[in-house]
Amino acid sequence: MNLAQSFDHARPVAQHCAELISRGPHPEERDAALNAWRRDLAQGLSGELSAIFSGGKLSVTVSSGETISGVDVLARIGPVAANSLLRCGAEDRTALFSVDCATAVALTDLSFGGTGAVPDKAPEPLPRSASLTVEQVASAVARVLTRSSENCDDQGARSEVIVRSESAPRLKAFEPDAQCAVFILALSLGEGETWRTLVALPQKRLDDMLPGLGAGGSITPVDHQPSDGKSGPFAAISLPLTAVLSELDLSLKRLEELAPGDELPLKMPREVPLQIGKKQLALGQIGTFEDRMALRLTHALAQGDAK
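Residues numbered from 1 in each chain as written. Predicted model: local features only at pLDDT ≥ 70, side-chain atom pairs only at ≥ 80, totals over all residues. Heavy atoms only, no water.

Let's talk about the sheet that holds strand β11 (residues 292-300)
Strand order in the open sheet made by the 4 strands is β8-β9-β10-β11, with antiparallel pairing throughout. The open sheet has two edge strands with one neighbour each: β8 (242-243) and β11. Here β8 pairs with strand β9 (residues 272-276) via 2 bridges, running antiparallel. Within β9, the position partnered with A243 by the bridge is L274. (Pairing = 2+ DSSP bridges. Helix = DSSP H or I, 4+ residues; strand = E, 2+ residues; numbered from the N terminus.)

Spelled out as structure tokens, the structure:
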């Protein structure tokens, strides 16, 4: 294998391919985007849901989330719950919203001015009033998820409850073996009861929604044009230059014998090389500028001529 071969001829072809020139977010970038998304989601839901429930301003917190398989998500929800498949903007941007039946009854009681106490056992089947309350909450979650999504067009984006079912697997929100992000939405009024609901969606779909990451959760690179050193992030970098006045060879014996007062003859060249490390950039003549020694450039070496 020739490791020294040049790939310059392939660069124009490679640059058009997003898979080659884009990169995924660094962990700290994704964490920042996720935290911003959670903050926006909590603030938006607080306003939307306070209009549904009486008793004052509703506080909402969104958990940091965890990644588990689709099978584990369905097991956590259980065989029976108030589940809704939400559309959050684009046609393929969906999420699963789930409320256990006891919490659904408590939220219904709260919406009618009650305390929202969670019963030990929920009635079967779930009362129609509880189903309608959950649909109101689910619609609010869909709206806020849509507004919190990356590149969301508020005018044309759709947010809705697509379908509801007491059986979460029937909604086919994700594949059983898919990696899913699960968030717990905790609703509370002051120091009283806390009602917990669940939002789950495929990890890939979450990355598409996070603000600042763009579609696919990737950071779009800047235009990778060759730099001329006059612009871009590297133009201000300070580089150490060396003007080599003279070089001489001494034997190891002579070096060992050096002492103060010794004189070493130097042969000054007509043109002094200006270097970065061992690479010559230019040639010049020694002179003075004001009260300092200076180098007047007589020849700047082209990139191909640099030694």
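Things to note about the side chain of S84
Among the secondary structure elements, S84 is positioned in strand β3 (residues 82-89). Setting aside residues up to four positions removed in sequence, S84 forms contacts with A95, L96, F97, V134, A138, V161, V163, R164 and L171. (Contact = heavy atoms within 4.5 Å.)

Looking at the pairing of strand β10 (residues 279-289)
Two strands pair when backbone bridges link them, and β9 and β10 are joined in this way by 5 bridges, in the antiparallel orientation. When the sheet's bridge partners are listed, I276 is paired in β10 with K279. By the bridge criterion, 8 bridges tie β10 to β11 in an arrangement that is antiparallel. Looking at the pairing, L283 lines up with H299 of β11. With antiparallel pairing between neighbouring strands as the criterion, β10 and β11 make up a hairpin whose turn holds 2 residues, including E290 at a positive phi of roughly 55°.

So, the pattern of salt bridges
Where charged atoms from two side chains of opposite charge come close, those side chains can pair. As enumerated under the stated definition, the model contains 10 salt bridges in all. Across the pair K253 and E257 runs a salt bridge, and its minimum N-O distance is 2.5 Å. Within this pair, K253 and its partner E257 are both found in helix α8 (residues 252-257), separated by 4 residues, close to a single helical turn. Accessibility expressed as a relative area gives 57% for K253, which makes it exposed. The closest approach of N and O atoms between D262 and R254, which form a salt bridge, is 3.6 Å. (Salt bridge = Lys/Arg side-chain N within 4 Å of Asp/Glu carboxyl O. Buried < 20%, exposed > 50% of the residue type's maximum accessible area, 1.4 Å probe, protein only.)

Section: the environment of T197
Relative to the assigned elements, T197 resides in strand β7 (residues 194-202). The exposure class assigned to T197 is buried, which follows from its relative accessible area of 3%. Excluding residues that lie within four positions of it along the chain, T197 makes contacts with F97, S98, V99, F183, I184, L185 and L187.

Re the packing of helix α5 (residues 101-111) against helix α6 (residues 128-147)
Running from N to C, α5 and α6 point in directions that differ by 85°, and their axes come no closer than 9 Å. Classified by the angle their axes make, α5 and α6 are roughly perpendicular. Together, A104, L107, T108 and S111 of α5 and S129, A130, T133 and V134 of α6 make up the contact between the two elements. When its residues are assigned to classes, the contact of α5 with α6 shows 4 nonpolar, 4 polar and no charged. (Axes fitted to C-alpha atoms, helices over the stretch in contact; angles between N-to-C directions. Parallel < 35°, antiparallel > 145°, perpendicular 65-115°, else oblique. Nonpolar A, V, L, I, M, F, W, Y, C, P; charged D, E, K, R; others polar.)

Notes on the packing of helix α3 (residues 27-50) against α6
Where α3 meets α6, the closest approach of the two axes is 9 Å, and the angle between their N-to-C directions is 140°. On the basis of their axis angle, the class for α3 and α6 is oblique. Judged by the twist between their axes, the crossing of α3 over α6 is right-handed. Contact with α3, carried on its side by W37, D40, L41, G44, L45, E48 and L49, involves V137, A140, V141, R143, V144, L145 and R147 of α6 and no other residues of that element. Residue composition of the contact of α3 with α6, by class: 9 nonpolar, 1 polar and 4 charged. (Left-handed = near helix turned anticlockwise from the far one by under 90°.)

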